[in-house]
Amino acid sequence: MANVTRWDPFQDMLSLREAMNQLMEESFVRPSAGRGGQGFVPALDLSETPESYLVEAAVPGLKPEDVEITLENNVLTIKGETRQEVDDKKRNFHRIERRFGSFQRTIGLPSTVKADAIQASLTNGVLRLEIPKAEEVKPRKISVNVAENKAIEAGKNS
């Protein structure tokens, strides 16, 4: 049986937005990035629970000291660098597909967060950030009180 893949227009728009951001950055902000200055861009997932945002980024081979995470004005930035292991023996490479070098990912978070409570871990090549939401942005249930409207009833009796 064939698998059905549904088209998600919002996912395509996000991809277009990321492509435009990359184009603008390579053209005007950091022109050298488009010419081999950037080794790779790690894939990441951004999800949300009622209490926090969760960012998971694939950063194989990185050590915690190779990663820098900053949050400023609700913009999360993940920077890092992967280095090629130097081998003392001379080798003739037939193919090199692993990418090495520095990277940077910047993500605008949808709402205010608790910057001082962010927790980061690096396990099996996956950087995981748990970013708690600020209290004022957590969803709250607001109850509606039903009040008797005496003015309307008084108007009906006139």
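Here the structure is shown first, and the text comes after it.
Heads up: these notes are all about the structure in this document. Since the structure is predicted, the reported quantities are computational estimates derived from the model, not experimental observations.

### Considering the overall build of the protein chain
Okay, step 1: Of regular secondary structure, the protein chain possesses two helices and seven strands.
Okay, step 2: Along the protein chain, helices (α) and strands (β) appear in the sequence α-β-β-β-β-β-β-β-α when read from the amino end.
Okay, step 3: The buried share among the 158 residues of the protein chain stands at 22%.
Okay, step 4: Summarising the internal contacts of the protein chain: among those between residues at least 6 apart in sequence, 57% fall at separations of at least 24.
Okay, step 5: Counting every atom, the protein chain has about 13,000 Å² of accessible surface; 50% of that belongs to carbon and sulfur.

### What to know about the pattern of salt bridges
Okay, step 1: Under the counting rule described, the total for this entry stands at four salt bridges.
Okay, step 2: A salt bridge links E56 to R128; its shortest N-O distance comes to 3.6 Å. With E56 in strand β2 (residues 52-58) and R128 in strand β7 (residues 126-132), the pair connects residues that are 72 residues apart, well separated along the chain.
Okay, step 3: The class of E56 is partly exposed, set by a relative accessible area of 28%.
Okay, step 4: In this structure, the salt-bridge partner of E135 is K114, at a minimum N-O distance of 3.3 Å. Taken together, the residues span a long stretch of sequence, with E135 in the loop between β7 and α2 (150-157) and K114 in the loop between β5 (101-108) and β6 (119-123) at a distance of 21 residues.
Okay, step 5: The partly exposed category is assigned to K114, whose relative accessible area is 30%.

### Overview of the environment of E72
Okay, step 1: On the secondary structure map, E72 appears in strand β3 (residues 67-72).
Okay, step 2: Classification of E72 as exposed rests on a relative accessible area of 58%.
Okay, step 3: Remark: the alpha-carbon pair of E72 and A115, spanning 43 residues in sequence, is separated by 8.7 Å.

### Here we look at the nonpolar core
Side chains of nonpolar character tend, in soluble globular proteins, to be buried together.
Okay, step 1: Formed by 17 residues in total, the largest nonpolar core has its most connected members in V55, L76, I78, F103, L127, L129 and I131.
Okay, step 2: Going through the elements one at a time, β2, β4 (75-82), β5 and β7 are the ones with two or more residues in this core.
Okay, step 3: I131 has contacts with S52, Y53, V55, L76, L109, V113 and I118, leaving out every residue within four places of it along the chain.

### Considerations on the sheet that holds β3
Okay, step 1: Here we have three strands laid out as an open sheet, ordered β3-β4-β5, and antiparallel in their pairing. Edge positions in the sheet fall to β3 and β5, since each has one partner strand and no second. Here the strands of the sheet are splayed against their neighbours by 15 degrees on average, with no regard to which way each runs.
Okay, step 2: Judged from the six bridges that link them, β3 and β4 form a sheet pairing that is antiparallel.

Criteria and cut-off values
Residues numbered from 1 in each chain as written. Predicted model: local features only at pLDDT ≥ 70, side-chain atom pairs only at ≥ 80, totals over all residues. Heavy atoms only, no water. Helix = DSSP H or I, 4+ residues; strand = E, 2+ residues; numbered from the N terminus. Buried < 20%, exposed > 50% of the residue type's maximum accessible area, 1.4 Å probe, protein only. Contact = heavy atoms within 4.5 Å. Areas by Shrake-Rupley, 256 points an atom, 1.4 Å probe, with all protein chains shown as cover. Salt bridge = Lys/Arg side-chain N within 4 Å of Asp/Glu carboxyl O. Core = buried A, V, L, I, M, F, W, Y, C linked by side-chain atoms within 4.5 Å. Pairing = 2+ DSSP bridges. Axes fitted to C-alpha atoms, helices over the stretch in contact; angles between N-to-C directions.

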